[in-house]
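Single-letter residue listing:
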Amino acid sequence: MTGVTWPRWLIWAVRIVVLVLFFSAWEWAARAGHLAPVLFGRPSGIAEFLYQEIFVTGSLLVDFGYTIVATVLAFTSGSVAGILIGMLFVTRPNLEAVFGPIVLALNSMPRIALVPLFLIWFGLGIGSKVAIGFSLTFFIVLTNTVAGGRGVNPDHITIAETLGASRGQIFYKFTLPSAVPVIFNGLRLGLVFSLLGVIGGEIIASEHGLGGTLELMAASFNTDGVLGIIILLALVGVLITWGMTAIEARLLKWR
Amino acid sequence: MATHPLATDVDGAAAAGRPRPAVTGPAAHGAGSILIDRVSIEFDAARLLVVDDVSLEIKAGEFVSIVGPSGCGKTTLLNLAAGLLPAEVARGTMLVGGKPPRKGNRDIAYMLARDALSPWRTALGNAELGAEIRGVPAGERRTHARELLDRVGLKGFEDTYPKALSQGMRQRVALARTFALDSPILLMDEPFGALDAQTKLQLEDVLLGLWQQQKRTVVFITHDLSEAVSMSDRVVVMSPRPARIIADIDIPLERPRSVRALQKDPLFHRIYAEVWARLEEGLTA
Ligand SMILES: Nc1ncnc2c1ncn2[C@@H]1O[C@H](COP(=O)(O)OP(=O)(O)OP(=O)(O)O)[C@@H](O)[C@H]1O
Ligand SMILES: [Mg+2]
C-alpha cells in the first residue's frame, strides 16, 4: 500500500469536479421531474435560499450567532469542568471510587429525555441549549481525561520516584503531558457534541437559532431551506474540525 | 515514604537520622558505597522468595556488574536499593551511601533498559529532566545537559523530539539524563540490553569514558557476560531465583580500558573464559 501520490491541486480539482457533477445531476433530475423538489429540494433553490437569508435579510446570520454562542458556551464550560473533575479523579483515586459509578449512571441517562426538564429549568432561550450541550460535552471530556491520566507510562513514574519528584511534579511533568493527546480527542468529540446538543435543543423548542429555523422550515415543507441549513451546519462542523486539528498540530508537535 | 525499617538493624543510628559513627578501614560505608548484608526479599502476596540471603559490599567508585538468569531477582535488588520497594518485603541490612534506602535519594541515579524518555520533551529537555526535578537552576542544568549530549555524541540533536531519534540515540539521551545528575551512585538495569552490537560497543565506551573521568560508583546489571567483564572491576554472578551470589570475581584488566580494543585482547578472552567457567560451575553446583 502506498500513501497519497497526487499533488494537492489535483486532489482539489477532482474533488470540485465530483461535487459539481453531483449537484448538476441533482438539479437536472429535479427540473426533469425525476425528483420531487418538495421532498428533495433543488441545488439552485438551496443557493437562492442561503443567499436571501444571509445577504439580503440577514436573518440566518442572527440564528447562526445564537447557535454558535450557545455551542461555544456549552463547549468551554463542559470541557473545563470535565478536565478539572477528570484530573481530580486521576490524582484522587478514592474520589473516583466513590463518584465513578454515579458519573457513569448520570452519563447513561438519555440526554434527549432530559431536554423538557432543561427547558423548564432554564427557559426557552440560550440557557437550556447550553445546558444540553454541557451535559454531553462534560462526560465525554471527563472520560477522556481520566483515560489519559491513567495512560501514564509506568517507567516515567519509576524514574520520577527515584528522582524524588513530588506529587505535584509527577502530575505536571508526567501525568498531564501524557494525558494531553487523549484529552484532545475528547475535546474534538466534545465540540461536535456541543453543537449537536444545542441544535437538538433548538429543534425541540427555541426562540432563535439554526435548529429552530430548521424546524420551522420543515413544518412548512420548505425543503430547500432545511437542506440549506443542514449544509451550513456541515460547513461549521468541517471548520471546527479543521480548527481543532490546527491547534493540535501546534500543541502536540512532538507526536 | 517512611524511613526504611532495615535501618533498625544498624544500631538504630541511621533510623534516628543521627550521623553514623565513622567506620574506618576498607568497609567504610560512606558516600558512594553500598553495603548489602544478609538481605532477603520475599513478596508476601505471591509467597515468592526472590532474593535469598545476599551479602555484597560495593566500594565508592567501583564498577560492579551483576549477571544472572532472567527472573532471578536482579531488578528487585536494584529497586530495593533505590527505595522503590515497600519496606515489609525485605529482611537484613542495606546501606546506600551509608544510609538506609529511600525513594528520591539524591545519592542515586537510576537508568532503565527502556529509555523512558518523555516524548513531549526534546533531547535537551529530557537530558535535563532529572536535574530539573531535583531543583538545579535552569541555566546551570541546561549547560550541563548540553555538555553531556555532546559527550554521548548527540551534538546538533538538542532540539529533536524522541520520535525522530533512533533507539540507540534515545538510549544516549537516557545516558545523558543519568549522568546529568550529580549522584555518586549509578544504578543501571540492562541499559544497553535492547541495542544492536555496534551501538552497544559505542555506548559502553561512552559510559566507561564518563565513569573513568568521574569515578562514580556503578552497579550495572546485564545479561551479557562479555559486557560485564569488559567494563567492570568485579562481576557478581547470581543463581536462578531465589537469587544467591554464586561467584564474585575480580577483573584484573588495566584501566583506562576501551571495550572496543578489548575485543581483540587475548587477556580479555582468557578472563572471559574463566568467568564463564566459574558461572557454569556455580549454576550446576
Ligand atoms: N512487585 C512484585 N510482586 C511480586 N513478585 C514480583 C514483584 N516484582 C518482581 N517480582 C518477581 O520477582 C522475580 C524477580 O524479578 P526481577 O525483575 O527482579 O528479575 P530480573 O532478575 O531483573 O530478571 P530479568 O533479567 O528478566 O530482568 C520474578 O519472578 C518476578 O515475577
Ligand atoms: Mg530485570
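Residues numbered from 1 in each chain as written. Chains lettered and ligands numbered in written order. Predicted model: local features only at pLDDT ≥ 70, side-chain atom pairs only at ≥ 80, totals over all residues. Heavy atoms only, no water.

Caption draft 1: A look at the pairing of strand β9 (residues 245-250) of chain B. Residues and elements named next belong to chain B. Direction of pairing for strand β8 (residues 234-238) relative to β9: antiparallel, over a ladder of five bridges. Residue pairing for β9: Met 238 is matched across the bridge by Ile 245. Adjacent in sequence and paired antiparallel, β8 and β9 are bridged by six residues. (Pairing = 2+ DSSP bridges. Helix = DSSP H or I, 4+ residues; strand = E, 2+ residues; numbered from the N terminus.)

Caption draft 2: Layout of the site of ligand 1. All names here are of chain B. Around ligand 1 lies a shell of 13 residues, among which Ser 70, Gly 71, Lys 74, Thr 75 and Thr 76 are the nearest. Within the contact set of ligand 1, an oxygen atom lies 2.5 Å away from a side-chain nitrogen or oxygen of Thr 76. Contact with the protein chains removes 63% of the 640 Å² of surface that ligand 1 exposes when unbound. With three residues, helix α1 (residues 74-81) is the largest single contributor of residues to the shell around ligand 1. Partitioning the shell around ligand 1 into residue classes produces four nonpolar, six polar and three charged. (Near = heavy atom within 4 Å. Polar contact = N/O pair within 3.5 Å; in protein donor to acceptor, adjacent residues only side chain to side chain. Areas by Shrake-Rupley, 256 points an atom, 1.4 Å probe, with all protein chains shown as cover. Nonpolar A, V, L, I, M, F, W, Y, C, P; charged D, E, K, R; others polar.)

Caption draft 3: Seen up close, the nonpolar core. Of all hydrophobic cores here, the largest spans 83 residues; its most connected members are B:Ile41, B:Leu149, B:Leu175, B:Leu187 and B:Leu207. At seven residues, the largest contribution of residues to this core is made by helix α6 (residues 197-214) of chain B. Shared between two domains, this core holds at least three residues of each, these being domain 1 (10-107 + 185-284) and domain 2 (124-182) of chain B. What B:Leu187 contacts, discounting residues up to four positions off in sequence, is B:Ile34, B:Leu78, B:Ala81, B:Ala82, B:Ile108, B:Ala109, B:Tyr110, B:Met111 and B:Val219. Ranked by size, the runner-up nonpolar core spans 27 residues in total, among them A:Met87, A:Ile199, A:Leu214 and A:Leu232. (Core = buried A, V, L, I, M, F, W, Y, C linked by side-chain atoms within 4.5 Å. Buried < 20%, exposed > 50% of the residue type's maximum accessible area, 1.4 Å probe, protein only. Domains from an automatic or database assignment. Contact = heavy atoms within 4.5 Å.)

Caption draft 4: The sheet that holds β9(B), seen in detail. All names here are of chain B. Reading across the sheet, the six strands line up as β5-β6-β7-β3-β8-β9 and stay open at both edges, with mixed pairing between neighbours. One side of each edge strand has no neighbouring strand; the edge strands of this open sheet are β5 (108-111) and β9. On average, each strand axis in the sheet is tilted by 15° relative to the strand beside it, whichever way the strands run. Here α1 sits on the sheet and contacts β3 (63-67), β5, β6 (185-189), β7 (217-221) and β8; the angle it forms with β6, its principal contact strand, is near 150°. (Axes fitted to C-alpha atoms, helices over the stretch in contact; angles between N-to-C directions.)

Caption draft 5: Layout of unusual backbone geometry. With omega at -5°, the peptide bond leading from B:Arg241 into B:Pro242 counts as cis. Of note, A:Phe221 is a non-glycine position whose phi angle comes to about 55°, a positive value. Mapped onto the fold, A:Phe221 is located in the loop between α10 (210-219) and α11 (223-251).

Caption draft 6: Highlighting the packing of aromatic side chains. Residue and element names in this part refer to chain A. Tallying each qualifying case throughout the model produces 15 aromatic pairs over all chains. The interplanar angle of 20° and the centroid separation of 5.8 Å between the aromatic rings of Phe 23 and Trp 26 together place this pair among those described as stacked. Here Phe 23 and its partner Trp 26 are both found in helix α1 (residues 8-31), three residues apart, which amounts to about one turn of the helix. Of the residues examined, Phe 23 reaches a relative accessible area of 32% and is grouped as partly exposed. You can call Trp 26 buried: its relative accessible area is 15%. Taking the centre distance of 5.0 Å and the plane angle of 75° together, the rings of Phe 138 and Phe 139 count as edge-to-face. (Phe/Tyr/Trp six-rings, centres within 6.5 Å; stacked < 30°, edge-to-face > 60°.)

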